[in-house]
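A look at the structure
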Amino acid sequence: MRVLLIGSGGREHALAAALIEDPQLEALHVAPGNPGIAQIAICHQIDTYNNDAVVTLAAQLDIDLVVIGPEKPLVNGLADALAKAKIACFGPSQAAAQLEGSKDFAKQVMRDAGVPTAKSFTCINQAEIESALDAFTRDGIPYVVKHDGLAAGKGVVVTTDRAEALAHALLSPRVVIEEYLDGPEVSLFGISDGKNIVAMQPAQDFKRAYDGDLGLNTGGMGAYSPLPWAPVDIVEQTLRTVLQPTIAEMNARNTPFVGLLYAGLALTSQGIRVIEFNARFGDPETEVLLPRLKTPLAQLLYRAATHGLEGTTLEWSEDAAVTVVLASEGYPESPQLGEPITGVDRSHIIEDTYIFHAGTTMRDGILHSSGGRVLTVTGMGKDLAAARSKAYEVISGITLRGSHYRKDIALTASQSASQSGEK
Ligand code: AMP
Ligand code: GLY
(Lines give C-alpha, C1' and ligand atoms only; values in the text may rest on other atoms or scores of the structure.)
(Ligands and ions follow the chains in the order given, each with its own letter.)
Protein backbone atom coordinates (compact mmCIF):
# COMPACT_ATOMS: atom_id res chain seq x y z
CA MET A 1 0.00 0.00 0.00
CA ARG A 2 1.19 3.50 -0.89
CA VAL A 3 0.23 6.13 1.67
CA LEU A 4 0.34 9.93 1.63
CA LEU A 5 0.14 11.53 5.07
CA ILE A 6 -0.74 15.20 5.45
CA GLY A 7 0.73 17.28 8.28
CA SER A 8 3.93 18.30 9.99
CA GLY A 9 3.60 17.89 13.76
CA GLY A 10 4.37 15.41 16.51
CA ARG A 11 1.12 13.64 15.77
CA GLU A 12 2.14 13.11 12.15
CA HIS A 13 5.58 11.88 13.20
CA ALA A 14 3.87 9.31 15.47
CA LEU A 15 1.49 8.36 12.63
CA ALA A 16 4.40 7.98 10.23
CA ALA A 17 6.35 5.84 12.70
CA ALA A 18 3.35 3.53 13.15
CA LEU A 19 2.49 3.40 9.43
CA ILE A 20 5.97 2.22 8.43
CA GLU A 21 5.63 -0.71 10.83
CA ASP A 22 2.72 -2.08 8.79
CA PRO A 23 4.03 -5.01 6.68
CA GLN A 24 1.66 -4.04 3.85
CA LEU A 25 3.08 -0.54 3.54
CA GLU A 26 5.07 -0.12 0.33
CA ALA A 27 5.80 3.61 0.42
CA LEU A 28 5.15 6.46 2.80
CA HIS A 29 5.01 10.01 1.48
CA VAL A 30 4.33 12.99 3.73
CA ALA A 31 3.37 16.58 2.93
CA PRO A 32 4.90 18.72 4.21
CA GLY A 33 6.47 16.63 7.03
CA ASN A 34 9.34 17.75 9.28
CA PRO A 35 13.00 16.81 9.86
CA GLY A 36 12.05 13.85 12.09
CA ILE A 37 9.56 12.49 9.57
CA ALA A 38 12.10 13.00 6.77
CA GLN A 39 14.25 10.30 8.40
CA ILE A 40 11.55 7.67 7.82
CA ALA A 41 9.47 8.89 4.86
CA ILE A 42 9.69 10.97 1.68
CA CYS A 43 8.60 14.54 2.31
CA HIS A 44 7.02 16.88 -0.24
CA GLN A 45 6.99 20.64 0.29
CA ILE A 46 3.56 21.53 -1.07
CA ASP A 47 0.82 23.81 0.24
CA THR A 48 -1.53 21.40 1.99
CA TYR A 49 -4.30 24.02 2.05
CA ASN A 50 -4.33 23.87 -1.74
CA ASN A 51 -6.60 20.86 -2.30
CA ASP A 52 -5.77 20.61 -6.01
CA ALA A 53 -2.05 20.46 -5.22
CA VAL A 54 -2.62 17.55 -2.79
CA VAL A 55 -4.85 15.66 -5.25
CA THR A 56 -2.27 16.14 -8.01
CA LEU A 57 0.55 14.90 -5.79
CA ALA A 58 -1.48 11.85 -4.69
CA ALA A 59 -2.25 11.00 -8.32
CA GLN A 60 1.37 11.45 -9.41
CA LEU A 61 2.59 9.18 -6.62
CA ASP A 62 -0.08 6.55 -7.33
CA ILE A 63 -1.29 6.77 -3.73
CA ASP A 64 -3.77 4.17 -2.37
CA LEU A 65 -4.62 6.04 0.83
CA VAL A 66 -4.34 9.62 2.03
CA VAL A 67 -4.31 10.14 5.82
CA ILE A 68 -5.10 13.70 6.92
CA GLY A 69 -3.52 14.65 10.26
CA PRO A 70 -4.57 18.22 11.17
CA GLU A 71 -8.01 19.81 11.30
CA LYS A 72 -7.45 22.74 8.95
CA PRO A 73 -7.20 20.74 5.68
CA LEU A 74 -10.31 18.80 6.79
CA VAL A 75 -12.33 21.93 7.36
CA ASN A 76 -10.89 23.17 4.05
CA GLY A 77 -12.54 20.25 2.21
CA LEU A 78 -9.48 18.17 1.31
CA ALA A 79 -11.32 14.88 1.88
CA ASP A 80 -14.06 16.00 -0.54
CA ALA A 81 -11.50 16.86 -3.22
CA LEU A 82 -9.86 13.43 -2.81
CA ALA A 83 -13.26 11.71 -2.94
CA LYS A 84 -13.99 13.44 -6.24
CA ALA A 85 -10.69 12.12 -7.58
CA LYS A 86 -11.61 8.64 -6.28
CA ILE A 87 -8.62 8.47 -3.92
CA ALA A 88 -9.31 6.73 -0.59
CA CYS A 89 -8.96 9.12 2.32
CA PHE A 90 -8.88 8.70 6.09
CA GLY A 91 -10.39 11.96 7.31
CA PRO A 92 -13.92 13.38 7.26
CA SER A 93 -15.57 15.51 4.60
CA GLN A 94 -15.86 19.25 5.13
CA ALA A 95 -19.45 18.80 6.29
CA ALA A 96 -18.58 16.05 8.79
CA ALA A 97 -15.51 17.95 10.04
CA GLN A 98 -17.94 20.58 11.34
CA LEU A 99 -18.08 18.37 14.44
CA GLU A 100 -14.76 20.06 15.24
CA GLY A 101 -15.10 23.18 13.11
CA SER A 102 -18.21 24.47 14.87
CA LYS A 103 -18.96 24.04 18.57
CA ASP A 104 -22.59 24.96 17.88
CA PHE A 105 -22.90 22.27 15.19
CA ALA A 106 -21.38 19.68 17.56
CA LYS A 107 -23.94 20.64 20.21
CA GLN A 108 -26.82 20.22 17.74
CA VAL A 109 -25.57 16.79 16.69
CA MET A 110 -25.19 15.71 20.32
CA ARG A 111 -28.66 16.96 21.14
CA ASP A 112 -30.21 15.08 18.21
CA ALA A 113 -28.18 11.94 18.97
CA GLY A 114 -28.94 12.02 22.70
CA VAL A 115 -25.23 12.21 23.57
CA PRO A 116 -24.56 13.49 27.11
CA THR A 117 -22.85 16.89 27.13
CA ALA A 118 -22.89 20.17 29.09
CA LYS A 119 -26.09 22.23 28.83
CA SER A 120 -25.37 25.21 26.60
CA PHE A 121 -26.63 28.28 24.81
CA THR A 122 -25.37 29.55 21.46
CA CYS A 123 -25.27 33.36 21.49
CA ILE A 124 -24.83 35.94 18.74
CA ASN A 125 -25.18 39.22 20.64
CA GLN A 126 -24.44 40.78 24.01
CA ALA A 127 -27.98 40.40 25.36
CA GLU A 128 -27.93 36.67 24.64
CA ILE A 129 -24.45 36.37 26.14
CA GLU A 130 -25.50 38.16 29.34
CA SER A 131 -28.56 36.02 29.80
CA ALA A 132 -26.59 32.81 29.18
CA LEU A 133 -23.99 33.88 31.75
CA ASP A 134 -26.87 34.63 34.18
CA ALA A 135 -28.26 31.15 33.60
CA PHE A 136 -24.96 29.55 34.66
CA THR A 137 -24.15 31.89 37.58
CA ARG A 138 -23.46 29.85 40.69
CA ASP A 139 -21.12 30.72 43.55
CA GLY A 140 -17.55 29.67 42.86
CA ILE A 141 -18.45 27.74 39.69
CA PRO A 142 -16.57 28.93 36.59
CA TYR A 143 -18.16 30.21 33.39
CA VAL A 144 -17.26 28.35 30.21
CA VAL A 145 -17.18 30.44 27.02
CA LYS A 146 -16.24 28.94 23.65
CA HIS A 147 -15.82 30.65 20.31
CA ASP A 148 -17.81 28.78 17.70
CA GLY A 149 -15.09 28.27 15.05
CA LEU A 150 -11.61 26.70 14.92
CA ALA A 151 -9.33 28.61 17.27
CA ALA A 152 -6.22 26.43 17.71
CA GLY A 153 -6.86 25.94 21.42
CA LYS A 154 -7.38 29.66 22.10
CA GLY A 155 -11.13 29.78 21.75
CA VAL A 156 -12.11 28.51 25.18
CA VAL A 157 -12.08 30.47 28.44
CA VAL A 158 -12.97 28.89 31.78
CA THR A 159 -13.15 31.57 34.47
CA THR A 160 -15.01 32.63 37.60
CA ASP A 161 -14.51 36.27 36.52
CA ARG A 162 -17.70 37.39 34.84
CA ALA A 163 -16.09 40.41 33.19
CA GLU A 164 -13.44 38.16 31.64
CA ALA A 165 -16.09 35.70 30.46
CA LEU A 166 -18.09 38.51 28.86
CA ALA A 167 -15.03 40.10 27.25
CA HIS A 168 -13.99 36.75 25.72
CA ALA A 169 -17.53 36.13 24.46
CA LEU A 170 -17.64 39.52 22.74
CA LEU A 171 -14.51 38.69 20.70
CA SER A 172 -16.41 36.25 18.48
CA PRO A 173 -19.57 36.71 16.39
CA ARG A 174 -20.96 33.40 17.68
CA VAL A 175 -20.19 31.76 21.02
CA VAL A 176 -21.30 28.73 22.96
CA ILE A 177 -21.72 29.34 26.70
CA GLU A 178 -22.07 26.20 28.72
CA GLU A 179 -22.35 24.56 32.07
CA TYR A 180 -19.06 23.87 33.87
CA LEU A 181 -18.21 20.16 34.00
CA ASP A 182 -16.37 18.94 37.05
CA GLY A 183 -14.26 15.80 37.00
CA PRO A 184 -11.18 14.31 35.36
CA GLU A 185 -10.80 14.61 31.60
CA VAL A 186 -10.25 11.66 29.30
CA SER A 187 -9.55 11.58 25.57
CA LEU A 188 -11.14 8.66 23.79
CA PHE A 189 -10.71 8.18 20.06
CA GLY A 190 -12.89 6.19 17.70
CA ILE A 191 -11.88 5.12 14.19
CA SER A 192 -14.89 5.17 11.89
CA ASP A 193 -15.72 4.06 8.36
CA GLY A 194 -18.89 6.17 8.40
CA LYS A 195 -21.07 3.37 9.74
CA ASN A 196 -18.98 1.34 12.17
CA ILE A 197 -16.70 2.79 14.82
CA VAL A 198 -13.89 1.08 16.75
CA ALA A 199 -12.73 2.66 20.00
CA MET A 200 -9.08 3.08 20.89
CA GLN A 201 -7.86 2.97 24.49
CA PRO A 202 -8.32 6.05 26.67
CA ALA A 203 -5.53 8.58 27.21
CA GLN A 204 -5.15 11.70 29.28
CA ASP A 205 -3.65 14.94 28.07
CA PHE A 206 -2.13 17.77 30.17
CA LYS A 207 -3.29 21.07 28.73
CA ARG A 208 -1.80 23.64 31.10
CA ALA A 209 1.72 24.96 30.55
CA TYR A 210 3.23 24.28 34.00
CA ASP A 211 3.38 21.65 36.73
CA GLY A 212 0.34 21.37 38.98
CA ASP A 213 -1.92 22.46 36.10
CA LEU A 214 -0.75 26.06 36.44
CA GLY A 215 -0.30 28.53 33.60
CA LEU A 216 -2.17 28.99 30.35
CA ASN A 217 -3.89 26.38 28.22
CA THR A 218 -1.61 24.97 25.55
CA GLY A 219 -1.89 22.55 22.65
CA GLY A 220 -0.94 19.83 25.18
CA MET A 221 2.21 19.39 27.30
CA GLY A 222 2.13 15.62 27.75
CA ALA A 223 -0.07 12.54 27.84
CA TYR A 224 -0.23 8.98 29.03
CA SER A 225 -2.11 5.74 28.45
CA PRO A 226 -3.62 3.54 29.82
CA LEU A 227 -5.50 5.22 32.67
CA PRO A 228 -5.30 2.91 35.69
CA TRP A 229 -7.86 4.99 37.61
CA ALA A 230 -10.57 5.10 34.91
CA PRO A 231 -13.74 2.99 35.22
CA VAL A 232 -13.17 -0.45 33.68
CA ASP A 233 -16.11 -0.03 31.31
CA ILE A 234 -15.17 3.45 30.09
CA VAL A 235 -14.46 2.30 26.53
CA GLU A 236 -17.65 0.27 26.27
CA GLN A 237 -19.74 3.09 27.81
CA THR A 238 -18.26 5.76 25.55
CA LEU A 239 -18.84 3.61 22.49
CA ARG A 240 -22.46 3.02 23.42
CA THR A 241 -23.42 6.49 24.66
CA VAL A 242 -21.16 8.78 22.63
CA LEU A 243 -19.30 7.34 19.62
CA GLN A 244 -21.92 5.06 18.08
CA PRO A 245 -24.87 7.48 18.42
CA THR A 246 -22.79 10.32 16.96
CA ILE A 247 -21.76 8.21 13.94
CA ALA A 248 -25.40 7.13 13.46
CA GLU A 249 -26.60 10.73 13.63
CA MET A 250 -23.99 11.90 11.11
CA ASN A 251 -25.11 9.10 8.82
CA ALA A 252 -28.78 10.05 9.25
CA ARG A 253 -27.85 13.59 8.19
CA ASN A 254 -26.23 12.21 5.02
CA THR A 255 -22.83 13.48 6.13
CA PRO A 256 -21.20 10.24 7.27
CA PHE A 257 -18.12 10.70 9.42
CA VAL A 258 -15.13 8.76 8.07
CA GLY A 259 -11.97 9.25 10.07
CA LEU A 260 -11.02 9.76 13.66
CA LEU A 261 -13.70 10.95 16.05
CA TYR A 262 -11.99 12.37 19.12
CA ALA A 263 -14.23 12.57 22.17
CA GLY A 264 -12.91 14.85 24.91
CA LEU A 265 -14.79 13.61 27.96
CA ALA A 266 -15.33 14.78 31.52
CA LEU A 267 -16.04 11.99 34.02
CA THR A 268 -18.47 13.87 36.22
CA SER A 269 -20.29 12.63 39.32
CA GLN A 270 -23.31 12.31 37.02
CA GLY A 271 -21.47 10.20 34.47
CA ILE A 272 -19.63 10.74 31.19
CA ARG A 273 -20.15 14.09 29.46
CA VAL A 274 -18.64 15.22 26.16
CA ILE A 275 -16.56 18.40 26.49
CA GLU A 276 -15.68 18.58 22.82
CA PHE A 277 -15.31 16.63 19.61
CA ASN A 278 -12.35 16.80 17.29
CA ALA A 279 -12.30 15.35 13.81
CA ARG A 280 -8.69 14.07 13.88
CA PHE A 281 -6.11 12.34 16.05
CA GLY A 282 -5.34 14.35 19.20
CA ASP A 283 -1.91 15.70 19.92
CA PRO A 284 -0.07 14.59 22.12
CA GLU A 285 -2.37 11.63 22.89
CA THR A 286 -1.46 10.05 19.54
CA GLU A 287 2.17 9.94 20.67
CA VAL A 288 1.21 7.52 23.47
CA LEU A 289 -1.59 5.59 21.75
CA LEU A 290 0.12 4.63 18.52
CA PRO A 291 3.28 3.19 20.13
CA ARG A 292 0.91 0.95 22.13
CA LEU A 293 -1.23 -0.12 19.15
CA LYS A 294 -0.25 -3.49 17.69
CA THR A 295 -2.86 -3.60 14.90
CA PRO A 296 -1.15 -2.64 11.61
CA LEU A 297 -2.12 0.99 11.14
CA ALA A 298 -2.07 1.42 7.35
CA GLN A 299 -4.45 -1.51 6.88
CA LEU A 300 -6.69 -0.26 9.69
CA LEU A 301 -6.98 3.27 8.29
CA TYR A 302 -7.48 1.89 4.77
CA ARG A 303 -10.38 -0.25 5.99
CA ALA A 304 -11.90 2.83 7.64
CA ALA A 305 -11.48 4.87 4.45
CA THR A 306 -13.16 2.16 2.34
CA HIS A 307 -16.16 1.23 4.51
CA GLY A 308 -14.53 -2.00 5.63
CA LEU A 309 -14.30 -1.76 9.42
CA GLU A 310 -17.07 -4.17 10.36
CA GLY A 311 -15.87 -6.79 12.83
CA THR A 312 -12.52 -5.07 13.42
CA THR A 313 -11.01 -5.25 16.89
CA LEU A 314 -7.80 -3.56 17.97
CA GLU A 315 -4.82 -5.22 19.57
CA TRP A 316 -2.84 -3.36 22.23
CA SER A 317 0.50 -3.72 23.93
CA GLU A 318 0.28 -4.34 27.68
CA ASP A 319 2.90 -1.66 28.13
CA ALA A 320 2.15 1.83 29.38
CA ALA A 321 3.29 4.93 27.49
CA VAL A 322 4.05 8.44 28.72
CA THR A 323 4.90 11.39 26.49
CA VAL A 324 6.42 14.70 27.56
CA VAL A 325 6.49 17.80 25.36
CA LEU A 326 9.59 19.98 25.14
CA ALA A 327 8.39 23.57 24.64
CA SER A 328 10.24 26.69 23.53
CA GLU A 329 11.10 29.49 25.92
CA GLY A 330 8.06 31.71 26.35
CA TYR A 331 5.55 29.11 25.10
CA PRO A 332 2.57 29.51 24.96
CA GLU A 333 2.50 33.33 25.22
CA SER A 334 5.44 34.28 22.99
CA PRO A 335 7.59 31.32 21.96
CA GLN A 336 11.22 32.07 21.04
CA LEU A 337 12.09 30.15 17.88
CA GLY A 338 15.22 29.46 15.86
CA GLU A 339 17.40 28.01 18.65
CA PRO A 340 19.70 25.03 18.01
CA ILE A 341 18.74 21.68 19.55
CA THR A 342 21.21 19.01 20.64
CA GLY A 343 20.90 15.57 22.20
CA VAL A 344 18.16 14.28 19.93
CA ASP A 345 20.17 11.37 18.54
CA ARG A 346 20.47 9.86 22.00
CA SER A 347 17.04 8.30 21.42
CA HIS A 348 18.65 5.66 19.25
CA ILE A 349 20.57 4.22 22.16
CA ILE A 350 17.69 3.99 24.66
CA GLU A 351 15.25 1.15 24.13
CA ASP A 352 11.50 1.74 24.15
CA THR A 353 11.65 5.50 23.68
CA TYR A 354 10.66 7.69 20.76
CA ILE A 355 11.44 11.31 19.95
CA PHE A 356 8.72 12.82 17.79
CA HIS A 357 9.46 16.12 16.07
CA ALA A 358 6.76 18.77 16.33
CA GLY A 359 8.28 22.22 15.75
CA THR A 360 11.75 21.63 14.31
CA THR A 361 13.58 22.67 11.19
CA MET A 362 16.98 21.79 9.71
CA ARG A 363 19.25 24.76 9.06
CA ASP A 364 22.81 24.24 7.74
CA GLY A 365 22.62 20.64 8.86
CA ILE A 366 21.74 21.58 12.43
CA LEU A 367 18.36 20.99 14.03
CA HIS A 368 16.63 24.19 15.21
CA SER A 369 13.36 24.94 16.97
CA SER A 370 10.60 26.34 14.75
CA GLY A 371 7.46 26.05 16.87
CA GLY A 372 6.15 26.49 20.41
CA ARG A 373 6.01 22.75 20.96
CA VAL A 374 9.32 21.45 19.66
CA LEU A 375 9.62 17.73 20.43
CA THR A 376 7.52 15.08 22.11
CA VAL A 377 9.39 12.32 23.92
CA THR A 378 7.56 9.04 24.56
CA GLY A 379 8.73 6.35 26.95
CA MET A 380 7.24 2.86 27.14
CA GLY A 381 7.45 0.51 30.09
CA LYS A 382 5.71 -2.22 32.05
CA ASP A 383 3.81 0.43 34.02
CA LEU A 384 3.43 4.21 34.06
CA ALA A 385 6.33 4.66 36.48
CA ALA A 386 8.69 2.78 34.16
CA ALA A 387 7.38 4.64 31.10
CA ARG A 388 7.82 7.98 32.88
CA SER A 389 11.37 7.32 33.84
CA LYS A 390 12.25 6.42 30.22
CA ALA A 391 10.63 9.56 28.83
CA TYR A 392 12.28 11.82 31.41
CA GLU A 393 15.65 10.16 30.96
CA VAL A 394 15.62 11.02 27.27
CA ILE A 395 14.11 14.51 27.51
CA SER A 396 16.56 15.57 30.21
CA GLY A 397 19.41 14.85 27.77
CA ILE A 398 18.09 17.25 25.13
CA THR A 399 19.33 20.83 25.14
CA LEU A 400 17.41 23.79 23.76
CA ARG A 401 18.13 27.17 25.32
CA GLY A 402 15.29 28.48 27.51
CA SER A 403 13.09 25.44 26.86
CA HIS A 404 10.75 23.97 29.44
CA TYR A 405 8.76 20.80 30.03
CA ARG A 406 6.39 19.61 32.71
CA LYS A 407 7.87 17.31 35.35
CA ASP A 408 4.54 15.89 36.51
CA ILE A 409 3.14 14.12 33.45
CA ALA A 410 1.38 10.93 34.67
CA LEU A 411 2.90 11.44 38.12
CA THR A 412 -0.29 11.17 40.19
CA ALA A 413 -1.60 8.29 38.09
CA SER A 414 1.66 6.35 38.43
CA GLN A 415 1.70 6.88 42.21
CA SER A 416 -1.87 5.81 42.76
CA ALA A 417 -1.34 2.83 40.46
CA SER A 418 1.70 1.66 42.41
CA GLN A 419 -0.20 2.04 45.73
CA SER A 420 -3.10 -0.06 44.52
CA GLY A 421 -0.69 -2.55 42.97
CA GLU A 422 -2.17 -2.08 39.51
CA LYS A 423 -0.69 -0.67 36.39
P1 AMP B 1 -12.17 22.51 24.31
O2 AMP B 1 -11.44 23.28 23.27
O3 AMP B 1 -13.64 22.51 24.16
O4 AMP B 1 -11.57 21.16 24.53
O5 AMP B 1 -11.83 23.19 25.70
C6 AMP B 1 -10.50 23.33 26.16
C7 AMP B 1 -10.43 22.94 27.61
O8 AMP B 1 -11.30 23.79 28.38
C9 AMP B 1 -10.93 21.54 27.91
O10 AMP B 1 -9.95 20.57 27.72
C11 AMP B 1 -11.32 21.68 29.35
O12 AMP B 1 -10.20 21.58 30.20
C13 AMP B 1 -11.88 23.06 29.44
N14 AMP B 1 -13.34 23.01 29.26
C15 AMP B 1 -14.03 23.10 28.12
N16 AMP B 1 -15.37 22.97 28.34
C17 AMP B 1 -15.52 22.81 29.67
C18 AMP B 1 -16.65 22.63 30.52
N19 AMP B 1 -17.89 22.64 30.05
N20 AMP B 1 -16.40 22.48 31.83
C21 AMP B 1 -15.15 22.49 32.32
N22 AMP B 1 -14.05 22.67 31.58
C23 AMP B 1 -14.22 22.82 30.26
N1 GLY C 1 -4.92 17.05 22.86
C2 GLY C 1 -5.75 18.11 22.45
C3 GLY C 1 -6.03 18.16 21.03
O4 GLY C 1 -5.48 17.46 20.21
O5 GLY C 1 -6.88 18.96 20.65
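Described in the following lines is the structure provided in the data block. (Residues numbered from 1 in each chain as written. Chains lettered and ligands numbered in written order. Predicted model: local features only at pLDDT ≥ 70, side-chain atom pairs only at ≥ 80, totals over all residues. Heavy atoms only, no water.)

Turning our attention to the site of ligand 2. Taken together, the neighbourhood of ligand 2 is formed by Asp205, Tyr262, Asn278, Arg280, Gly282, Asp283 and Glu285. With respect to ligand 2, the side chain of Arg280 contributes an N or O atom lying 2.8 Å from an oxygen atom. Between ligand 2 and Glu285 there is a distance of 2.7 Å, counted from a nitrogen atom to a side-chain nitrogen or oxygen. Partitioned by chemical class, the residues of the shell around ligand 2 number 1 nonpolar, 2 polar and 4 charged. (Near = heavy atom within 4 Å. Polar contact = N/O pair within 3.5 Å; in protein donor to acceptor, adjacent residues only side chain to side chain. Nonpolar A, V, L, I, M, F, W, Y, C, P; charged D, E, K, R; others polar.)

What follows concerns the site of ligand 1. Near ligand 1 there are 13 residues, and of these Glu178, Glu179, Leu181, Glu185 and Glu276 occur at the shortest range. Here a nitrogen atom of ligand 1 and a backbone polar atom of Glu179 are 2.9 Å apart. For ligand 1, an oxygen atom lies 2.5 Å from a polar atom in the side chain of Glu185. Taken by itself ligand 1 offers 470 Å² of open surface, and the protein chains cover 89% of this. For the shell around ligand 1, the elements supplying multiple residues, two or more each, are strand 7 (143-147), strand 8 (156-159) and strand 17 (271-278). When its residues are assigned to classes, the shell around ligand 1 shows 6 nonpolar, no polar and 7 charged. (Areas by Shrake-Rupley, 256 points an atom, 1.4 Å probe, with all protein chains shown as cover. Helix = DSSP H or I, 4+ residues; strand = E, 2+ residues; numbered from the N terminus.)

Volume-wise, the second largest pocket comes out at about 800 Å³. As for the second largest pocket, its lining consists of 38 residues, of which His13, Ala17, Ile40, Tyr354 and Phe356 are closest to the centre. Listed by contribution, the elements that provide at least two residues to the lining of the second largest pocket are helix 1 (10-19), helix 10 (286-292), strand 19 (341-342), strand 20 (353-357) and strand 22 (366-369). The element that contributes the greatest number of residues to the lining of the second largest pocket is strand 20, accounting for 5 residues. Among the residues making up the lining of the second largest pocket, the classes are represented as 20 nonpolar, 12 polar and 6 charged. (1 Å grid on protein atoms, 1.4 Å probe; cavity = no way out; pocket = protein on both sides within 12 Å on 5 of 7 lines; lining within 4 Å. Points joined across faces, edges and corners; volume = space filled by probe spheres on them.)

Here helix 7 (residues 126-135) crosses helix 8 (residues 162-170) at 145°, and the two axes come no closer than 10 Å. Considering how the two elements wind past one another, helix 7 and helix 8 form a crossing that is right-handed. Of the residues in helix 8, those touching helix 7 at Gln126, Ile129, Glu130, Leu133 and Asp134 are Arg162, Ala165, Leu166, Ala169 and Leu170. Of the residues belonging to the contact of helix 7 with helix 8, the class tally is 6 nonpolar, 1 polar and 3 charged. (Axes fitted to C-alpha atoms, helices over the stretch in contact; angles between N-to-C directions. Left-handed = near helix turned anticlockwise from the far one by under 90°. Contact = heavy atoms within 4.5 Å.)

Across the sheet, which stays open at both edges, the 5 strands sit in the order 12-15-18-23-20 with antiparallel pairing between neighbours. Looking at which strands have only one partner, the edges of the open sheet turn out to be strand 12 (204-205) and strand 20. Bridge count between strand 15 (residues 222-225) and strand 18 (residues 320-327): 4 bridges; the pairing is antiparallel. What sits directly across from Ser225, in strand 18, is Ala321. Contacting strand 15, strand 18, strand 20 and strand 23 (373-381), helix 12 (residues 384-395) crosses the sheet at an angle of about 30° to strand 18. (Pairing = 2+ DSSP bridges.)

We now examine the state of the cysteines. Inspection of every chain in the model, using the stated rule, returns 0 disulfides. Cysteine Cys89 remains unbridged, with the sulfur of Cys43 as its closest cysteine sulfur at 19 Å. Residue class for Cys89 comes out buried when judged on its relative accessible area of 10%. (Disulfide = S-S within 2.5 Å. Buried < 20%, exposed > 50% of the residue type's maximum accessible area, 1.4 Å probe, protein only.)

Moving on, we come to the pattern of salt bridges. Between side chains of opposite charge, a pair can form as their charged atoms come close. Counted under the stated rule, the structure contains 21 salt bridges. Between Arg280 and Glu100 there is a salt bridge, with the nearest N and O atoms lying 3.1 Å from each other. Residue Arg280 is located in the loop between strand 17 and helix 10, and its partner Glu100 is located in helix 5 (residues 98-101); the two are separated by 180 residues in the primary sequence. For the pair Arg280 and Glu100, one class covers both residues: buried. Measuring nitrogen to oxygen at the nearest pair gives 2.8 Å for the salt bridge that ties Asp134 to Arg162. Remark: Arg162 occurs in helix 8 and Asp134 occurs in helix 7; sequence separation between them is 28 residues. A residue is classified by how much of its surface remains accessible, and Asp134, at 46% relative accessible area, is partly exposed. (Salt bridge = Lys/Arg side-chain N within 4 Å of Asp/Glu carboxyl O.)

Interaxial distance between helix 6 (residues 103-113) and helix 9 (residues 234-252) falls to 9 Å at its minimum, and their mutual angle equals 105°. Relative to helix 9, the element helix 6 is oriented roughly perpendicular. Facing helix 6, whose interface residues are Phe105, Val109, Asp112 and Ala113, helix 9 presents Pro245, Thr246, Glu249 and Met250. Considered class by class, the residues forming the contact of helix 6 with helix 9 number 5 nonpolar, 1 polar and 2 charged. (Parallel < 35°, antiparallel > 145°, perpendicular 65-115°, else oblique.)

Okay, helix 6 next. Extensive coverage of helix 6 is indicated by the burial of 8 of its 11 residues. All of the buried residues along helix 6 are Lys103, Asp104, Phe105, Ala106, Lys107, Val109, Met110 and Ala113. Count one or two residues on from helix 6 and you reach Gly114, which has phi positive near 70°.

Turning our eyes to something else, we now look at empty space enclosed by the protein. Left-over empty space is what a probe sized like a water molecule reveals as it rolls over the atoms. In total, this model carries 2 cavities of 30 Å³ or more according to the counting rule given. By volume, the largest cavity amounts to about 80 Å³. Listed by contribution, the elements that provide at least two residues to the lining of the largest cavity are helix 5, helix 6 and strand 17. Residue composition of the lining of the largest cavity, by class: 5 nonpolar, no polar and 6 charged. Quantified by volume, the second largest cavity comes out at close to 50 Å³.

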